[in-house]
Amino acid sequence: MTSSSASFAVEHYDLAATLSSGQAFRWRQVEDAWEGVVGSRWVRLCQEPGRIRARTAEPVADWNWLRHYLQLDVRLEDILAAFPDDEPMRQSVESCRGLRLLRQEPWECLASFICSSTKQITQIRQIVALLCQRFGHTVAVPNGGAAACAFPTVQRLAEASEAELRQCKLGFRAPYLAATARKLARGEVDLARLSELPLEPAREQLLALPGVGVKIADCVLLFAYGFPQAFPLDVWIIKALRQLYFPNRRPKMARLRRFSRTHFGSQSGYAQQYLFHYMRTKRRPGKEVAS
DNA sequence: GGCCAGGCGCGTA
DNA sequence: TACGCGCATGGC
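Position numbers for residues start from 1 in each chain and track the written sequence from start to end. Chain letters and ligand numbers both follow the written order, the letters beginning at A and the numbers at 1. Since the coordinates come from a predicted model, pLDDT governs what is reported: local features require at least 70, and pairs of side-chain atoms require 80 or more to be given and counted, while whole-chain, interface and lining totals use all residues. As a rule here, side-chain values cover all heavy atoms of the structure and leave hydrogens and water aside.

1. Let's talk about the protein's contact with DNA strand B
- Being near a molecule or strand, for a residue, comes down to having at least one heavy atom within 4 Å of it. Contacts to DNA strand B come from 29 residues, most closely from Gly22, Gln120, Ile121, Gly211 and Gln272.
- Atoms of DNA strand B within 4 Å of the protein: sugar and phosphate make up 61%, bases the balance.
- Gln120 is positioned with one of its backbone polar atoms (N or O) 3.4 Å from a sugar or linking oxygen of DNA strand B.
- Put simply, DSSP H or I for four residues or longer makes a helix, DSSP E for two residues or longer makes a strand, and each gets a number counted from the N terminus. Secondary-structure elements contributing two or more residues to the surface near DNA strand B are helix H6 (121–135), helix H11 (214–223), helix H12 (235–245) and helix H14 (268–281). Here a polar contact is taken to be a pair of N or O atoms separated by no more than 3.5 Å, where protein atoms must pair a possible hydrogen donor with a possible acceptor and residues adjacent in sequence count only if both atoms sit in side chains.

2. What to know about the nonpolar core
- The set of buried Ala, Val, Leu, Ile, Met, Phe, Trp, Tyr and Cys residues whose side-chain atoms join them within 4.5 Å is what this entry labels a nonpolar core. Classification of residues uses two cut-offs on accessible area relative to the type maximum, computed with a 1.4 Å probe and protein chains only: under 20% is buried, over 50% is exposed, and between them is partly exposed. Membership of the largest hydrophobic core comes to 76 residues, with the highest contact counts inside it found for Trp107, Leu131 and Leu177.
- Of all hydrophobic cores here, the second largest spans 22 residues; its members include Phe8, Leu15, Trp27 and Leu70.

3. Description of the pattern of salt bridges
- Within this document, salt bridges are pairs made up of a side-chain nitrogen of Lys or Arg and a carboxyl oxygen of Asp or Glu, the two lying within 4 Å of each other. All chains considered together, the criterion is met by 14 salt bridges.
- Across the pair Glu188 and Arg186 runs a salt bridge whose closest N-O atoms are separated by 2.5 Å.
- Taking relative accessible area as the criterion, Glu188 reaches 44% and is therefore assigned partly exposed.
- Connected through shared salt-bridge partners, Arg28, Glu35 and Arg44 make up one network.

4. Regarding the packing of helix H10 (residues 199–207) against H11
- Axes, fitted as lines to C-alpha atoms, cover a helix only where it is in contact. Angles between the N-to-C directions of the axes lie from 0 to 180 degrees. At a closest axis distance of 9 Å, the pairing of H10 and H11 adopts a crossing angle of 125 degrees. Put simply, H10 runs oblique to H11. As for how H10 packs across H11, the hand of that crossing is right-handed. Counting all contacts with H10, which are made through Leu199, Ala202, Arg203, Leu206 and Leu207, the residues of H11 involved are Val214, Ala217, Asp218, Val220 and Leu221.
- Of the residues in the contact of H10 with H11, the class split is eight nonpolar, no polar and two charged. Each angle is binned into one of four classes, with values under 35 degrees roughly parallel, values over 145 roughly antiparallel, values of 65 to 115 roughly perpendicular, and all other values oblique. Two helices cross in a left-handed way if the nearer one is turned anticlockwise from the farther one by less than a right angle. They cross in a right-handed way if the turn is clockwise. The criterion used for residue contact is that any of the two residues' heavy atoms lie within 4.5 Å. Under the scheme applied, nonpolar residues are Ala, Val, Leu, Ile, Met, Phe, Trp, Tyr, Cys and Pro; charged residues are Asp, Glu, Lys and Arg; polar residues are all the others, including Gly.

5. Looking at the sheet that holds strand S1 (residues 4–9)
- Across the sheet, five strands lie side by side as S1-S5-S4-S3-S2; this open sheet has antiparallel pairing. Every interior strand has two partners, whereas the edge strands, S1 and strand S2 (28–30), have only one. Sheet twist, expressed as the average angle between the axes of neighbouring strands with direction ignored, equals 30 degrees.
- Alignment of strand S4 (residues 41–48) against strand S5 (residues 51–56), held across six bridges, turns out to be antiparallel. Paired strands, as defined in this entry, are two strands with at least two bridges between them according to DSSP.

6. Comments concerning the pairing of S4
- Relative to S4, strand S3 (residues 33–38) runs antiparallel, the two sharing five bridges. Within S4, the position partnered with Gly36 by the bridge is Val43.
- In this antiparallel pair of consecutive strands, S3 and S4, the connection spans two residues, and Gly39 shows a positive phi of 65 degrees.
- Between S4 and S5, which pair antiparallel and follow one another directly, the connecting turn spans two residues, one of which, Gly50, has a positive phi of 75 degrees.

7. Let's talk about the confidence of the model for chain A
- pLDDT gives the predictor's per-residue confidence on a scale running from 0 to 100. Looking at chain A, the pLDDT average stands at 95 and 97% of residues meet or exceed 70.
- Segment residues 285–291 is flagged for pLDDT under 50; beyond a separation of four residues in sequence, or across chains, it makes ten contacts in the model.

8. What to know about unusual backbone geometry
- For Glu31, which is not glycine, the phi dihedral falls at a positive 55 degrees.
- Mapping Glu31 onto the fold places it in the loop between S2 and S3.
- Relative accessible area serves as the criterion here: at 69%, Glu31 is assigned to the exposed category.
- For Thr118, which is not a glycine, the phi torsion comes out positive at approximately 45 degrees.

Written out as structure tokens, the structure is:
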């Protein structure tokens, strides 16, 4: 077995913030690097000044899969320039220059976020890890490294019983994940074709899946399909909008939804991720970074 | 020990 | 359309 390595020049790319920011759940910090599985490849990423180094366990001839996953060709300056010029966005960008959006595989992203409802990010990581251990096929790792698994296929989870899923700590989410996997396995929704659709029809397709509401649909539309105006409204973002844009007022959810669609411009999804990260990491009395 | 977590689905009004 | 509630589980 021969490992492979590569080096990518990057500007304004905060790898640690990006991989730990609650959009993907399979990255583990190991010393000064990040280890994870992308598709069926184990990979170790390391940030160095002006570059990201990558190492795999098996030979790699073409690194486009990783360039795509990390969105290395996106010019962050162009995206930040599209943000509204207001104080909350300035603070959010100031708190973390280099936060990026990944481009994840749709099924893994969808399944992970079905597991996410009323869970903290650390718990989502744990659930996803258990699903991979139990239902994913093993992938090659470097000699002496810990075993690693791919994310389970649709078919494998469609065959899993609700009880087996509950053993992965899914709780009341287990029937949702099972039902969605089965629906996809039957071909009732084709995730591969959603990228051909405009935002609204793509969202409608996702909303037809059990356990998928507007918030989870928007996470998948943003993190897996790259719709730049998908804007997941979760508890953190609702808190952010209330505190930062409507202080001392009591906007209703309908007002916040309208605001989220109209205020943040052509890259509102990215803006949302900056707000999310800002709210989770800014100092709160007596607390460190939320997990 | 109580509150809350990158919600959803369903019943009521 | 707009709330309220139950649903498992664990971190803090």
